[in-house]
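In case you want the letters, here they are:
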Amino acid sequence: MTQTEASSPSDFIREIIENDLKTNKHGGITATRFPPEPNGYLHIGHAKSVCLNFGIAMQYGGTCNLRLDDTDPSGESLEYVDSIINDVHWLGFDWGGRLFYASDYFEKLYQFAVELITAGKAYVCSLSADEIREYRGSFTEPGKESPYRNRSVDENLDLFQRMRAGEFEDGAHVLRAKIDMASSNVVMRDPILYRIKKEPHYRTGTDWLIYPMYDFAHCLSDAIEGITHSICTLEFDNNRALYDWIIEQLITGRRPRQIEFARLNVSYTLLSKRKLIELVDKGYVAGWDDPRMPTVAGMRRRGYRPEAIRKFCSIIGVAKNENLVDISLLEHCVREDLNEVAPRAMAVLRPLRVVIDNYPEGQTEEFEVPNHPQNQAMGTRKVPFSRVIYIERDDFHENPPKKYRRLGPGREVRLRNSYVLKYERAVKNEHTGEVLELHCTYDKDTRQGPPPDGRKVEGVIHWVSAEHAVPAEIRLYDRLFNVPEPAAESDDFLKNLNNGSLEILTPCYLEPSLKNAAPGSACQFERLGYFCADNKDSRPGKPVFNRVVTLRDSWQKISGQGTI
RNA sequence: UGGGGCGUCGUCAAGCGGUAAGACACAGGAUUUUGGUUCCUGCAUUCGGAGGUUCGAAUCCUCCCGCCCCAGCCA
């Protein structure tokens, strides 16, 4: 990570931290944490939080813990833990051995609960789930006190211990904080702290039959770890009162402070874990790492680099406004990153065969071609040329539209890094009229240089020598949804799925230098976009490329339609 | 409806009483063997609305309007 990245722009959270540092509130310490629940893969919204928490720690010389908030065994699994660990690491962050699990604190948490009971601040409630809901009241009416609210400390202690021992079935009892059933904040109406759940936990197995609720576990986990700033999203705003209440009852000395910021939303995609799970489970995508998914794994497979994701997270800012960030900003960050580091190459996606009639049969020559037009340090490569080449079907038009600068009757174009090519005739299917191949001639005096007679050749197209071409499968990805807010009408986001979000092209033809592309490596196919050898399916000799993102395309704007 | 949060350009977002940063998007133009990159230029007389305080308000006060969150034994 570079220095400029670390010295991120200011936001209200950093403002708070800098102020706390100034007043020495936490003894000069800044300790944050990233606390995902291992019940799904990390997505770009999590990435924002990761960058925020780890970024702050780096910036202020503090620490950031990676904590798996695994207090509800249903849905949690090791697979998710592994993916989270891998993703945070891949994003470029290091927790320096401070990898924690809320489940490691179960015993401590239990003791805290006992302490609360002993202090008369918590009780075992034996109302049913439905009754508890009824007793809770509504936004306008206060709740009613549970008939079990005034059980003696001894009875509560006994019952709680027996809950732990497994004497009762799920739902028979819960542990509740004794706060205020008439509070205007519903969260404070004697919130549940522990529930019986006889479900094996992926880490603690069957050791525990009761599990702490988020509100109880999270604040205390923060306290246990000595977190100074507990950064979370806005929907926990209401819970802060409870966070503070629990800490107030049980923790002396330095106390963590919860700060909320607005979660990220990105247009044309979804960041709701529930809905992402649905996409995976129902097979609308090929898995959590499908390149169309907004997951870290998906973006990695798509070919996004962590640098681009970090840049995006830094550029969107941190505030409390409800937001919908335009996905074009993410794409911009990806292009900006790849433009600098991706070597250029030529590949033809939808091949049209071209015979160069005046090029000697059997002859082959090689061009020395730069790998990056603006960066000589990236070196050069050899690209073979011969009598038969492939060009993009789209780079030829029998009746060229206005402003079209490519090949057509009576026209010539520059073959990138090579000669000027002149159209002669087209061979067509006599029934359908489909253009089967082109016959052209080349100007041998234009080898990688301008025509000696000074004539202007406007268009430049890419090509691949047929004899040397490497066939490949190329996967074209587009936005997963075709509306900016697929979840706006919450019930049926599936109807907004973009049916054209994946198009598989084969065979495509690559220049030989791409033949053994390393899986995961990205390059630019000139004039087309950035592509990345698929990290699962690509093999040396049998490349499979994913389109990361197209190039900006001002022709598309002029012509009013896609060119790829 | 009770409580909480939030309203600054199409989208993010600075601004913290001294007279509206920046980015993306968009629109022009220059350079270009990628219709790419790069480089110029334009893009909020106005900050949800209405009052008020002040020499001066996006920033302070009052009222109003709109959007989001909370009634899981999820997090």
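No experiment lies behind these values; they were computed from the predicted model shown.

Digging into the domain arrangement of chain A
Item 1. Under the domain assignment, chain A is made up of domain 1 (3–261), domain 2 (273–344 + 472–558) and domain 3 (350–462).
Item 2. Between domain 1 and domain 3, the C-alpha centre-to-centre distance is 64 Å.

Some remarks on the packing of aromatic side chains
Item 1. Scanning the entire structure with this criterion turns up 25 aromatic pairs.
Item 2. Look at Tyr110 and Trp208: their rings are 6.0 Å apart centre to centre, the planes differ by 55°, and that puts the pair in the tilted class. Note that Tyr110 is positioned in helix H5 (residues 106–118) and Trp208 in the loop between strand S6 (192–196) and strand S7 (210–212), a separation of 98 residues in sequence. The pair formed by Tyr110 and Trp208 is uniform in burial state, with each residue classed as buried.
Item 3. By the ring-pair criterion, three or more aromatic residues cluster together here, those being Phe106, Tyr110, Phe160, Tyr194, Trp208, Tyr211 and Phe216.
Item 4. Positioned above the aromatic ring of Tyr110, the side-chain terminus of Arg164 is 4.4 Å from the ring centre.
Item 5. The ring of Tyr101 has Arg203 lying over it, and the distance from NZ or CZ to the ring centre is 3.5 Å.

Points about the pattern of salt bridges
Item 1. In total, this model carries 50 salt bridges according to the counting rule given.
Item 2. Put simply, Arg162 and Glu167 hold a salt bridge, and the shortest N to O gap is 2.7 Å.
Item 3. For Arg162, a relative accessible area of 25% gives the class partly exposed.
Item 4. With a relative accessible area of 46%, Glu167 lands in the partly exposed category.
Item 5. Residue Arg301 is joined to Asp534 by a salt bridge in which the shortest nitrogen-to-oxygen separation is 3.0 Å. Here Arg301 is found in helix H11 (residues 296–302), whereas its partner Asp534 is found in the loop between strand S24 (529–533) and strand S25 (544–550), with 233 residues between them in sequence.
Item 6. Here the residues in one salt-bridge network are Asp289, Arg301, Glu473, Arg475, Asp534, Lys536 and Asp537, joined through shared partners.

Topic: the side chain of Asn498
Item 1. Relative to the helices and strands, Asn498 is located in the loop between strand S21 (470–477) and strand S22 (502–510).
Item 2. Residue classification places Asn498 among the buried residues on the basis of a relative accessible area of 17%.
Item 3. The contacts of Asn498, once residues within four sequence positions are left out, are Asp478, Arg479, Leu480, Phe481 and Asn482.

A few points about the protein's contact with RNA strand B
Item 1. Around RNA strand B sit 68 residues in total, of which Thr140, Arg344, Arg416, Gln448 and Gln524 are the nearest.
Item 2. Of all RNA strand B atoms lying within 4 Å of any protein atom, the proportion belonging to sugar or phosphate reaches 60%.
Item 3. Residue Asp326 places a main-chain N or O atom 3.4 Å away from a sugar or linking oxygen belonging to RNA strand B.
Item 4. At a separation of 2.7 Å, a base oxygen of RNA strand B approaches a polar backbone atom of Asn417.
Item 5. When grouped by side-chain class, the residues that make up the surface near RNA strand B number 24 nonpolar, 20 polar and 24 charged.

What to know about the packing of helix H8 (residues 214–225) against helix H9 (residues 240–250)
Item 1. Packing of H8 against H9 leaves a shortest axis separation of 9 Å and a crossing angle of 60°. By the angle class used here, H8 and H9 are oblique. Seen along the crossing, H8 lies across H9 with a hand that is right-handed. Here Asp215, Phe216, His218, Cys219, Leu220, Asp222 and Ala223 of H8 lie close against H9, whose contacting residues are Leu242, Tyr243, Ile246, Ile247 and Leu250.
Item 2. Its residues placed into classes, the contact of H8 with H9 shows 9 nonpolar, 1 polar and 2 charged.

Each value, and the rule that gives it
Residues numbered from 1 in each chain as written. Chains lettered and ligands numbered in written order. Predicted model: local features only at pLDDT ≥ 70, side-chain atom pairs only at ≥ 80, totals over all residues. Heavy atoms only, no water. Domains from an automatic or database assignment. Phe/Tyr/Trp six-rings, centres within 6.5 Å; stacked < 30°, edge-to-face > 60°. Helix = DSSP H or I, 4+ residues; strand = E, 2+ residues; numbered from the N terminus. Buried < 20%, exposed > 50% of the residue type's maximum accessible area, 1.4 Å probe, protein only. Lys NZ or Arg CZ within 6 Å of the ring centre and 35° of its normal. Salt bridge = Lys/Arg side-chain N within 4 Å of Asp/Glu carboxyl O. Contact = heavy atoms within 4.5 Å. Near = heavy atom within 4 Å. Polar contact = N/O pair within 3.5 Å; in protein donor to acceptor, adjacent residues only side chain to side chain. Nonpolar A, V, L, I, M, F, W, Y, C, P; charged D, E, K, R; others polar. Axes fitted to C-alpha atoms, helices over the stretch in contact; angles between N-to-C directions. Parallel < 35°, antiparallel > 145°, perpendicular 65-115°, else oblique. Left-handed = near helix turned anticlockwise from the far one by under 90°.

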